[in-house]
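Listed below, chain by chain, are the residues.
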Amino acid sequence: MTNTIAKSHLPTPHGGVLVNRVQKFEGDLSALPTIELSERNFADLELIATGVYSPLTGFMGEKDYLNVVENMRLANGLPWSVPITLGVSQETADALSGLVVLTHNGEAVGTLNIAEKYSARKEWEAGHVYKTTEEAHPGVAALYAQGDVNLAGDVTLFALDRGQFANHHYTPAETREIFETRGWKTVVAFQTRNPIHRAHEYLHKVALELVDGLFLNPLVGATKSDDVPATTRMEAYEKLLEHYYPDTRVLLGVYPAAMRYAGPREAILHAISRRNYGCTHFIVGRDHAGVGSYYGTYDAQEIFNAYSPEEIGLTILKFEHTFYCQTCGQMVSPRTCPHDSRHHLILSGTKVRGMLRAGENLPREFTRPEVAEILRAAYNAQD
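Structural notes, computed from the coordinates.

Calculation criteria
- Residues numbered from 1 in each chain as written.
- Predicted model: local features only at pLDDT ≥ 70, side-chain atom pairs only at ≥ 80, totals over all residues.
- Heavy atoms only, no water.
- 1 Å grid on protein atoms, 1.4 Å probe; cavity = no way out; pocket = protein on both sides within 12 Å on 5 of 7 lines; lining within 4 Å.
- Points joined across faces, edges and corners; volume = space filled by probe spheres on them.
- Helix = DSSP H or I, 4+ residues; strand = E, 2+ residues; numbered from the N terminus.
- Nonpolar A, V, L, I, M, F, W, Y, C, P; charged D, E, K, R; others polar.
- Axes fitted to C-alpha atoms, helices over the stretch in contact; angles between N-to-C directions.
- Parallel < 35°, antiparallel > 145°, perpendicular 65-115°, else oblique.
- Contact = heavy atoms within 4.5 Å.
- Phe/Tyr/Trp six-rings, centres within 6.5 Å; stacked < 30°, edge-to-face > 60°.
- Buried < 20%, exposed > 50% of the residue type's maximum accessible area, 1.4 Å probe, protein only.
- Polar contact = N/O pair within 3.5 Å; in protein donor to acceptor, adjacent residues only side chain to side chain.
- Pairing = 2+ DSSP bridges.
- Core = buried A, V, L, I, M, F, W, Y, C linked by side-chain atoms within 4.5 Å.

A few points about empty space enclosed by the protein
The rolling of a water-molecule-sized probe over the atoms marks out the regions of remaining empty space.
Here is step 1 of the chain: In this structure the tally under the stated criterion is one cavity of 30 Å³ or more.
Here is step 2 of the chain: In this structure, the largest cavity encloses a volume near 60 Å³.
Here is step 3 of the chain: Of all elements in the fold, only α1 (39-49) and α4 (122-129) reach the threshold of two or more residues within the lining of the largest cavity.
Here is step 4 of the chain: Here the residues of the lining of the largest cavity sort into five nonpolar, two polar and four charged.

Concerning the packing of helix α2 (residues 62-71) against α4
Here is step 1 of the chain: Relative to each other, α2 and α4 sit at 40°, their axes nearing to 8 Å. As judged from the angle between their axes, α2 and α4 are oblique. Counting all contacts with α2, which are made through Tyr65, Leu66, Val69 and Glu70, the residues of α4 involved are Lys122, Trp124, Glu125, His128 and Val129.
Here is step 2 of the chain: The residue inventory of the contact of α2 with α4, partitioned by class, reads five nonpolar, one polar and three charged.

Focus: the packing of aromatic side chains
Here is step 1 of the chain: Taken as a whole, this structure holds nine aromatic pairs when the rule is applied.
Here is step 2 of the chain: Here the aromatic rings of Tyr53 and Trp80 are separated by 5.8 Å at their centres, their planes lie at 90°, and the arrangement is edge-to-face. Highlighted residues: Tyr53 in the loop between α1 and β4 (58-59) and Trp80 in the loop between α2 and β5 (86-88), separated in sequence by 27 residues.
Here is step 3 of the chain: Given a relative accessible area of 0%, Tyr53 falls into the buried group.
Here is step 4 of the chain: Note on Trp80: relative accessible area 0%, which makes it buried.
Here is step 5 of the chain: For the pair Phe179 and Phe215, a centre-to-centre distance of 5.7 Å together with 75° between the ring planes defines the contact as edge-to-face. Within this pair, whereas Phe179 is found in helix α6 (residues 172-181), its partner Phe215 is found in strand β11 (residues 213-216), the two being separated by 36 residues in sequence. Of the two residues examined, Phe179 and Phe215, each falls in the buried class.

Here we look at the side chain of Asp44
Here is step 1 of the chain: You can see Asp44 is positioned in helix α1.
Here is step 2 of the chain: Residue class for Asp44 comes out buried when judged on its relative accessible area of 1%.
Here is step 3 of the chain: Separated by 2.8 Å, the side chains of Asp44 and Arg260 make a polar contact.
Here is step 4 of the chain: Filtering out sequence-adjacent residues up to four positions away, Asp44 remains in contact with Tyr53, Phe59, Ile84 and Arg260.

Here we look at the sheet that holds strand β13 (residues 281-284)
Here is step 1 of the chain: What the five strands build is an open sheet, ordered β12-β11-β10-β13-β14; its pairing is parallel. Of all the strands in the sheet, the pair left with one neighbour each is β12 (250-252) and β14 (315-318). Pairs of neighbouring strands in the sheet enclose a mean axial angle of 25°, with direction left out of account.
Here is step 2 of the chain: For β13 and β14, the ladder comprises four bridges, and the chain directions are parallel. Paired with Ile283 across the bridge in β14 is Leu317.
Here is step 3 of the chain: Sheet contacts for helix α9 (residues 264-277): β10 (187-190), β11, β13 and β14; angle to β13, the most-contacted strand, approximately 155°.

Description of the nonpolar core
Here is step 1 of the chain: Judged by nonpolar contacts, the single largest core of 73 residues is most densely connected at Ile35, Tyr53, Trp80, Leu102, Leu112 and Phe304.
Here is step 2 of the chain: The element that contributes the greatest number of residues to this core is α9, accounting for six residues.
Here is step 3 of the chain: Here Phe304 is in contact with Ala267, Ile268, Ala271, Val284, Ile312 and Ile316, once residues within four sequence places are set aside.
Here is step 4 of the chain: Grouped together as the second largest cluster of nonpolar side chains are 40 residues, Leu240, Leu252, Phe366 and Ile374 included.

With respect to the sheet that holds strand β17 (residues 344-345)
Here is step 1 of the chain: Taken in spatial order, the three strands of this open sheet run β16-β15-β17, and their pairing is antiparallel. Among the strands making up the open sheet, the edge pair consists of β16 (330-332) and β17.

Description of the layout of surface pockets
Here is step 1 of the chain: When its volume is computed, the largest pocket comes out at roughly 1,400 Å³.
Here is step 2 of the chain: Along the wall of the largest pocket there are 49 residues; nearest its centre are Asn194, His197, His200, Arg286 and Gly349.
Here is step 3 of the chain: Every element with two or more residues in the lining of the largest pocket is listed here: α7 (198-208), β13, β15 (323-325), α12 (349-357) and α13 (369-382).
Here is step 4 of the chain: Of the residues belonging to the lining of the largest pocket, the class tally is 24 nonpolar, 16 polar and nine charged.

Geometry only, nothing functional implied.
In structure tokens form, the structure reads like this:
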């Protein structure tokens, strides 16, 4: 099942066709065995079924798995950087074959037609994908928590649950139609899992000088417990767009993926996903998808050198760290500011959280006051 893409200025989906595996099940489910999906597996199911992960039509088989981990390519040579797998216990794997029902929170949400079972090489995968085997890394911990046998095969999703962000939950087929309707021939995507501050706003508006539209695409799947909740972030995005962005040139749409914190490897996955949404450009800034000190500041930009621009299929906009310079009196980067760090207003996440919990005002140069108020209210509610 695929969605046919009419002639367009937007990039073709990765692999050439936009996958669509959303399909109601005709038959009796009660006789089929079941597998309960984790939050990340359930997110992957939706992303496969709606075409965000085109050309994947299901969880990866062994040839794709090995080649992705080792070479950052599918077995057919297409760029791909992060394994999309479904791990179960050996006992569960031994008991299953053929068609199985996928459940989430006990409810049937889709099917998997098992075509293959193979051993997960968890430590080897962690070393290549996450650049560490330490369980302190949240992505590695999630990997180690999976079963030791990967099940592979095509999937279906019975229905798309747009959830609490229904007004901003689009499939790639829908975003492509919106971009076309608006006449956007060039669209830049911005990935974030954090509340937008002035540095982000600066990147958006620099990019909007170059392209027709901005697809603000925050990740709203599972994240670390100390990340700002998605509901708070979405409220902040809506408020910011209402007051400071031209509404005809921005689309806010959620990215329903779980965060893997794979740094450079995840930046590639994020870029491919945004190509499938129909974007022509993708912003990669400082420490994209990083966590702790596992990755270099600009590793997520340099990793794209492993592919030709034609293979990735969209333009990567690489920005350096941006901040407010009190002497320049504006947002700047090391490329545009001649002053040293004594002149710069840079707040760490720890510092920001401490100020919010203390009820202090965040500097206007760091974030818009409307956003600061939303964050402060959210932190006060937690205490």
